[in-house]
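# Residue-level structure breakdown
Below are the chains, spelled out letter by letter.
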Amino acid sequence: MKYIDLNGDLGESFGAYKIGNDQELIKLVTSVNIACGFHAGDPHVMKQTAAFAAREGRAIGAHPGYPDLNGFGRRKMDLSANEVYDIVVYQIGALAAFAKTVKVRLNHVKPHGALYNAAARDQKLADAIAGAVKDVDPSLILYGLSGSCLIEAGKAAGLRTASEVFADRTYQPDGTLTPRTQPGALIEDESDALRQVLDMVHHGIVRTAGGRTVPIQADTLCVHGDGAHALAFAKKIRLALEEDGIEIRPL
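Residues numbered from 1 in each chain as written. Predicted model: local features only at pLDDT ≥ 70, side-chain atom pairs only at ≥ 80, totals over all residues. Heavy atoms only, no water.

Mapped onto the elements, S146 comes out in the loop between β5 (141-145) and α6 (149-156). S146 sits in the buried class, given a relative accessible area of 9%. Among the polar contacts listed, one links the side chain of S146 to the backbone oxygen of Q217, at a separation of 2.9 Å. If we ignore the near neighbours within four places in the chain, the residues touching S146 are S163, E164, V165, G175, I216 and Q217. (Helix = DSSP H or I, 4+ residues; strand = E, 2+ residues; numbered from the N terminus. Buried < 20%, exposed > 50% of the residue type's maximum accessible area, 1.4 Å probe, protein only. Polar contact = N/O pair within 3.5 Å; in protein donor to acceptor, adjacent residues only side chain to side chain. Contact = heavy atoms within 4.5 Å.)

The structure is reproduced here in structure tokens:
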């Protein structure tokens, strides 16, 4: 039987500002990536999200990003590899402490937004992130874009890696995601998104924005939590996978 992990980027509320419907989405995913206060989230939200994920028996991971609350971590920052190492260690450590308070261990690390995309292409940044994860806890799984520098760096560091794919994003011919700043970066039609997911899981391929087909490995599927229809979309994805005989389970 084919299987896949469903991961959700959650814990992204901040102070009085609420983003997403975390408690309902946590029930649909198998792994929860919790923002660590740099691009989103705050200590109270981190604690709440970790506690709810633990009660639901979900795998918990750190979701470190650039220190960019105003830009939600989606703006590229000119940080050195050493600086990236430091901010990733800092954020993993913060979430690991909250995980300990709810009596669970961290399962994985998935970089966020612009940091994630930069590490997909930049080997030095990818090596810095992989090194940070390994130095904090070599048992952690490193999530990264399928076929990216980050996956290569994780494997080279001796980490377990999870190749991530996306239902609602279009792909470029080199296997990277179409930047959000470009037209057509997001897949708006649910049937197109579901078709893309099944192609990736069953056939190991994805059709690019230009119509080419490229190979792809799908270990874990991202379900975004900050969209207007995120919850309904997540329910449809999960149902479609289950109806197609695909087991959904954490890594």
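A few words now on helix α2 (residues 43-55). Here α2 spans 18 Å end to end across 13 residues, near enough to the 18 Å set by a 1.5 Å rise per residue. Taken residue by residue, α2 has V45, M46, T49, A50, A51, F52 and A53 as its buried positions. On its buried face, α2 is in contact with β1 (3-10), α1 (22-26), β2 (31-35), β3 (59-63) and α3 (81-101). Two to three positions downstream of the cap, the backbone nitrogen of H44 sits 3.0 Å from a side-chain oxygen, assigning the N-cap of α2 to D42. G57, located one to two residues past α2, shows a positive phi value of around 75°. (Expected span 1.5 Å × (residues − 1).)

Turning next to the layout of surface pockets. Space left empty within the atom packing is revealed by a probe, the size of a water molecule, rolled over the atoms. Estimated volume of the largest pocket: approximately 500 Å³. With seven residues, helix α4 (residues 113-121) is the single largest residue contributor to the lining of the largest pocket. A breakdown of the residues in the lining of the largest pocket according to their chemical character gives 10 nonpolar, eight polar and 10 charged. (1 Å grid on protein atoms, 1.4 Å probe; cavity = no way out; pocket = protein on both sides within 12 Å on 5 of 7 lines; lining within 4 Å. Points joined across faces, edges and corners; volume = space filled by probe spheres on them. Nonpolar A, V, L, I, M, F, W, Y, C, P; charged D, E, K, R; others polar.)

The next point concerns α6. Listed as buried for α6 are C149, L150, I151, A153 and G154. The elements touched by buried residues of α6 are α4, α5 (123-136), β5 and β6 (160-166). Trailing α6 by a residue or two, G158 shows a phi angle of about 85°, which is positive.

This part takes up the pattern of salt bridges. Between side chains of opposite charge, a pair can form when the charged atoms approach closely. Tallied over the entire structure, the rule returns nine salt bridges. Residue R238 pairs with E242 through a salt bridge whose shortest N-O separation is 3.1 Å. You can see R238 and its partner E242 sitting in helix α8 (residues 230-243), four residues apart, about one turn around the helix. In this structure, E247 and R249 form a salt bridge, with 3.5 Å as the shortest nitrogen-oxygen distance. Classification of E247 as partly exposed rests on a relative accessible area of 30%. (Salt bridge = Lys/Arg side-chain N within 4 Å of Asp/Glu carboxyl O.)

Tracing the backbone through its elements, the reader meets Q172 in the loop between β6 and α7 (190-203). Residue Q172 is classed as partly exposed on the basis of its relative accessible area, which comes to 22%. Along the backbone, Q172 and I216 are 44 residues apart, and their C-alpha atoms lie at a distance of 12 Å. Apart from residues no more than four positions distant in its own chain, Q172 is found in contact with L177, T178, T208 and A209.

In this section: the packing of aromatic side chains. To describe a pair of aromatic rings, you give the distance between the ring centres and the angle between the ring planes. Scanning the entire structure with this criterion turns up two aromatic pairs. Aromatic side chains F38 and Y90 sit 5.5 Å apart centroid to centroid with 45° between the ring planes, which places their arrangement in the tilted category. In this pair, F38 is assigned in the loop between β2 and α2 and Y90 in helix α3, connecting sequence segments 52 residues apart. Judged by relative accessible area, which is 56%, Y90 ranks as exposed. Considering the side-chain rings of Y116 and F166, the 6.0 Å spacing of their centres and the 85° angle between planes classify their relative orientation as edge-to-face. Of this pair, Y116 sits in helix α4 while F166 sits in strand β6, placing them 50 residues apart in sequence. Exposure remark for F166: the relative accessible area of 4% places this residue in the buried category. In this arrangement the basic side chain of K110 is found over the ring face of Y116, its NZ or CZ atom lying 5.9 Å from the centre. Positioned above the aromatic ring of Y3, the side-chain terminus of R249 is 3.5 Å from the ring centre. (Phe/Tyr/Trp six-rings, centres within 6.5 Å; stacked < 30°, edge-to-face > 60°. Lys NZ or Arg CZ within 6 Å of the ring centre and 35° of its normal.)

By themselves, these observations are geometric and do not establish any function.
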